[in-house]
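So the chains spell out like this:
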Amino acid sequence: MAVSIHPFDTALGAEVRGLDISRPVDEESFAIVNDAYKKHSVLLFRNQELTPQQHIAFSRRFGKLEIHVLDQWCHADHPEILIVSNIKDKDRHIGVPHAGRYWHTDLSYMVAPSRGSLLYAIEIPEQNGRALGDTRFASAVAAYDALSEEIKKRIADLSATFSLAHHRSKLMADGADENPLTAEQQAKVPVAVHKIVQENPLTGRKCLFVNEGHVVEIVGLAQEESRELLAMLSRHVTKPEFVYRHRWQVGDLLMWDNVATQHIAEFDYALPQRRYLLRTTLEGVALA
Ligand code: OGA
Ligand code: MN
């Protein structure tokens, strides 16, 4: 069956049909997928049955993989895989329990944020036959385009600081059962500074690169002004007209562009409802 692309009727996202990711993907099919990724920013591949090796092999077609700094939640045999789960083994979380608590993009706190993540669903909680734990994605490109010329001018040269330590303090302040970064982890991810309007390295299109999860403040503004501008921009990016809401099925592989989009998870489930997904994260290039 030939690979085909089926765009969603939202600002971003498309389903790719006719591709079995567990098998080697030929050059022609890969080119179709790669073009669709640039165009739609979020791609869904349904009904996949992947081993960690197959998940990694497909991800590597797009480039090198990160080993996540939160190494306590990397897969023991395949450190390129990050476990995203609410499951506990005795008292210990087996994966990141709070991935996506706030709107964010993966690794935006690094000098070279990720160019994409590939998340594979193995266990999805449900209630009365309806899946729980949806993930929403916002188009930072459509959001940028919709800004007034006045705001575009105001933010054109602004930069912001991004920090994983800040994100974790926020989680703990909000009552999440989390730990601060270790000294080694902290040393790997010092605060990064990025312009809040980025040109997506994949497409050249401008996008709004601030997110509520990782941004500490806008450089050079008074605290109050920075807070207000960030709140306004964060509200703007996540308006319903820019958002695709993904309802998970077991066997979904979802991949997204971490510069052109932002995402947030729904926490409407709890143990004994189990959620277990595996993620690979693509390396990116240093952003301005
Ligand atoms: C992630 C993430 C959200 C979710 O894996 O990067 O934010 O719904 N996940 O699991
Ligand atoms: Mn994420």
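Up top you'll find the structure we're talking about.
A brief report on the enclosed structure follows. (Residues numbered from 1 in each chain as written. Chains lettered and ligands numbered in written order. Predicted model: local features only at pLDDT ≥ 70, side-chain atom pairs only at ≥ 80, totals over all residues. Heavy atoms only, no water.)

Looking at the pattern of salt bridges
For side chains of opposite charge, pairing can occur when their charged atoms come near one another.
Phase 1 of the analysis: Taken as a whole and judged by the stated rule, the model has 17 salt bridges.
Phase 2 of the analysis: As a salt-bridge pair, Arg 154 and Glu 225 come within 3.6 Å of each other at their nearest N and O atoms. In this pair, Arg 154 sits in helix 4 (residues 149-155) while Glu 225 sits in helix 7 (residues 223-237), placing the two residues 71 residues apart along the sequence.
Phase 3 of the analysis: When its relative accessible area of 42% is taken as the criterion, Arg 154 is described as partly exposed.
Phase 4 of the analysis: Residue classification places Glu 225 among the partly exposed residues on the basis of a relative accessible area of 36%.
Phase 5 of the analysis: A single salt-bridge network, built from bridges that share partners, covers Arg 130, Asp 134, Arg 136, Arg 245 and Glu 266. (Salt bridge = Lys/Arg side-chain N within 4 Å of Asp/Glu carboxyl O. Helix = DSSP H or I, 4+ residues; strand = E, 2+ residues; numbered from the N terminus. Buried < 20%, exposed > 50% of the residue type's maximum accessible area, 1.4 Å probe, protein only.)

Focus on empty space enclosed by the protein
Phase 1 of the analysis: Scanning all chains against the criterion turns up three cavities of 30 Å³ or more.
Phase 2 of the analysis: One number sums up the size of the largest cavity: a volume of about 190 Å³.
Phase 3 of the analysis: Together, 17 residues line the largest cavity, and His 68, Ala 99, His 104, His 167 and Arg 279 are the ones closest to its centre.
Phase 4 of the analysis: The biggest single contributor to the lining of the largest cavity is helix 5 (residues 164-173), with four residues.
Phase 5 of the analysis: A class-by-class count of the residues in the lining of the largest cavity yields eight nonpolar, six polar and three charged.
Phase 6 of the analysis: Considering only enclosed or pocket space, the second largest cavity measures out at about 120 Å³ in volume. (1 Å grid on protein atoms, 1.4 Å probe; cavity = no way out; pocket = protein on both sides within 12 Å on 5 of 7 lines; lining within 4 Å. Points joined across faces, edges and corners; volume = space filled by probe spheres on them. Nonpolar A, V, L, I, M, F, W, Y, C, P; charged D, E, K, R; others polar.)

Some remarks on the site of ligand 1
Phase 1 of the analysis: Around ligand 1, a shell composed of Val 84, Ala 99, Gly 100, His 104, Asp 106, Leu 119, Thr 135, Trp 256, His 263, Ala 265, Arg 275 and Arg 279 is seen.
Phase 2 of the analysis: Asp 106 places a side-chain nitrogen or oxygen 3.0 Å from an oxygen atom of ligand 1.
Phase 3 of the analysis: Residue Thr 135 places a side-chain N or O atom 2.6 Å away from an oxygen atom belonging to ligand 1.
Phase 4 of the analysis: In isolation ligand 1 has 290 Å² of accessible area, and contact with the protein removes 100% of it.
Phase 5 of the analysis: Given that more than half its atoms are within 2 Å of the pocket grid, ligand 1 belongs to the second largest cavity.
Phase 6 of the analysis: Residue composition of the shell around ligand 1, by class: five nonpolar, four polar and three charged. (Near = heavy atom within 4 Å. Polar contact = N/O pair within 3.5 Å; in protein donor to acceptor, adjacent residues only side chain to side chain. Areas by Shrake-Rupley, 256 points an atom, 1.4 Å probe, with all protein chains shown as cover. Sits in = over half its atoms within 2 Å of the grid points.)

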